[in-house]
Amino acid sequence: MDSQTVSRHAAKPDAPTAGTLKPDALGVLGILFFVLSAQAPLTGIAGAAPIAVALGNGPGVPAAYLVAGLVILLFSVGFVAMGRHVVDAGAFYTYIGKGLGRTTGTGSAGLALFAYCTIQAAMYGLYGAIVSGLVASHTGLDLPWWVWTLATMAVVQALGAAGVEMGAKVLAVLVLAEFSILSVFALVTLAKGGGPEGLGLADSFSPAAALDGAPGVAVMFAVASMFGFEATAIYGEEAREPRRTVPRATYLAVVVVTGFFALVSWMLISSYGASRATAAAGKALESGDGAGFVFAPIAAEFGGWVTDVLPILLATSLFAGILTFHNSANRYLFSLGRDRLLPRRLCGLNRRHAPWVAGCVQTALAVLLVVPFALAGKDPVLTLFSWFSGVAVLAMMLLYLLTSVSVVAFFRRERLDPRTWNTLIAPLLGALGIAGAIWLVLANFTTLIGGERTTALWLTLSVPVVMALGLIAARVRGRAVAAADG
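Just so it is clear, the structure is predicted and the values come from calculations on it, not from any experiment.

(A) View of the confidence of the model for the protein chain. Across the protein chain, the average pLDDT comes to 82, with 85% of residues at or above 70. For the stretch residues 1-18, pLDDT sits under 50, and the model shows 28 contacts to residues farther than four places along the chain or on other chains.

Here's what the structure looks like:
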């Protein structure tokens, strides 16, 4: 086993050293909050559930979340097994490099950055629109969406530079707020025996319900809702006892997220009645207020005050996701700089041992992605949010697939772990499931982005183009580094 295969922190230092992130900064719960923030629970439910119910398999949507969760869980088995031998802030690109070669791994790093930066930019678009509307309705101050977006970028940059512990504390407050109100609604509805037609267990979880309508659309949106769970490995260097903390956080995140989305979507459908839910979701989408499908039954259960609170929680949900993806992307940049695949200046750390140079670059990338939409006067929800969230999901699915294949290749070659289930069977099953998810995303990409076929085609092509450019850049950079060392 070569020296790069083992953790960079096999021997825990007494204090942070140059070129390393702050060790022992996060426990299982701290990492879990980063993952849940990336999931943006309220955004995922309010944004995806109405479309999945209306255009997918109707009341069978909760079963789609279970299927997506099972696929991600199978993927996680190999992901965790790899993480026991490789601890690095680069996560995906490091894992892929170990299994499929350094060039492929480096090329995938560009794809990972593309995915994280585009999903963050997408969230900035929706966030700016929501905050602009909230401020205008409560204060009368009517400013363009991009003003609030740019101001928030400065706040996110400051929180990222303040250190990973500060970010975890902020996220804990925001995530608990949105997670709690949705969970309480679901548990109260469950305790009451459901809505007008009862719990409707068979209506949502039977094989017939799961396969009704267009189940592929529902599974696609369910998989998209799982985006961000891989952050568990990104924070491995900053975790306490990473070989224990990261696996626990990963499995806990997948189980919690799957159970949460399945339960909440089930209770939403039950609150309408399985026979009426599809029509209600379609009506909400036609009115231009898909979130109303989610907000209405919660307000009916808890009172009208919820109608005022939930839009605010939706904004904080997006802010939490934005901060999480900022932290994920800047750690990728930091790791690439440390490995000399990007300029070494990206390794710059401040007194809190946070990657502030990489953070500044990530914020600059966010500005470059968002500002053109503002200058062109585009609708931030119908274009920036819809287009970039779709392309980010497709890019991330490809990374999941490459990682699963790399896990199998790595353990077939290194023979570090004798467990066949963990290193071969589960990763292969996960790869098959993810390949199926990619096919569903491609087949329904126009629906996913809510745009035209031409737009969908260009956005789809951007993913292999970014991967190809990453591979070319990896080869060029590799030759340059070899020449400098030689």
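(B) Quick look at the layout of surface pockets. In this structure, the largest pocket spans a volume of roughly 1,300 Å³. Looking at the lining of the largest pocket, the elements with two or more residues in it are helix H1 (28-39), helix H2 (41-55), helix H5 (102-139), helix H10 (215-225), helix H14 (292-302), helix H15 (305-338), helix H17 (380-414) and helix H19 (445-449). Residues belonging to the lining of the largest pocket are distributed by class as follows: 30 nonpolar, 15 polar and one charged.

(C) Region of the structure containing the packing of aromatic side chains. Taken as a whole and assessed by the stated rule, the structure comprises 14 aromatic pairs. Plain terms: the ring middles of Phe410 and Phe411 are 5.0 Å apart, the flat faces sit at 80 degrees to each other, and that makes the pair edge-to-face. Take Phe411: its relative accessible area is 1%, and that puts it in the buried class. Aromatic ring contacts, followed pair by pair, group Tyr65, Phe179, Phe260 and Phe261 into a single cluster.

(D) Highlighting H17. Look at H17: 48 Å from first C-alpha to last across 35 residues, which is about the 51 Å you get at 1.5 Å a residue. Of the residues one or two after H17, Arg415 is the one with positive phi, at around 55 degrees.

(E) Representation of unusual backbone geometry within the structure. Of note in this structure, Arg415 is not a glycine but carries a positive phi near 55 degrees. Assignment of secondary structure puts Arg415 in the loop between H17 and helix H18 (420-443). The class of Arg415 is exposed, set by a relative accessible area of 58%.

(F) Geometry of the nonpolar core. In terms of nonpolar packing, the biggest core is built from 139 residues, with Phe92 and Phe227 touching the most fellow members. No other element matches H5, which puts 19 residues into this core.

(G) Examining the environment of Arg419 more closely. Considering the arrangement of structural elements, one finds Arg419 in the loop between H17 and H18. Sequence separation between Arg419 and Ala81 is 338 residues, and the spatial gap between their C-alpha atoms is 9.3 Å. Residue contacts for Arg419: discarding those within four places in its chain leaves Ala81 and Arg84. Reaching out from Arg419, the side chain makes a polar contact with the side chain of Asp417 at a distance of 2.6 Å.

(H) Main features of a nonpolar patch on the surface. A cluster of nonpolar side chains, namely Leu457, Trp458, Leu461, Val465, Leu469, Ile472 and Val476, defines an oily patch on the protein surface of about 730 Å² accessible area. Within the secondary structure, Trp458 is located in helix H20 (residues 453-485).

Thresholds applied
Residues numbered from 1 in each chain as written. Predicted model: local features only at pLDDT ≥ 70, side-chain atom pairs only at ≥ 80, totals over all residues. Heavy atoms only, no water. pLDDT = per-residue confidence, 0-100. Contact = heavy atoms within 4.5 Å. 1 Å grid on protein atoms, 1.4 Å probe; cavity = no way out; pocket = protein on both sides within 12 Å on 5 of 7 lines; lining within 4 Å. Points joined across faces, edges and corners; volume = space filled by probe spheres on them. Helix = DSSP H or I, 4+ residues; strand = E, 2+ residues; numbered from the N terminus. Nonpolar A, V, L, I, M, F, W, Y, C, P; charged D, E, K, R; others polar. Phe/Tyr/Trp six-rings, centres within 6.5 Å; stacked < 30°, edge-to-face > 60°. Buried < 20%, exposed > 50% of the residue type's maximum accessible area, 1.4 Å probe, protein only. Expected span 1.5 Å × (residues − 1). Core = buried A, V, L, I, M, F, W, Y, C linked by side-chain atoms within 4.5 Å. Polar contact = N/O pair within 3.5 Å; in protein donor to acceptor, adjacent residues only side chain to side chain. Patch = residues over 30% accessible without salt bridge, like charges linked within 9 Å, V, L, I, M, F, W, Y side chains within 5 Å. Areas by Shrake-Rupley, 256 points an atom, 1.4 Å probe, with all protein chains shown as cover. Salt bridge = Lys/Arg side-chain N within 4 Å of Asp/Glu carboxyl O.

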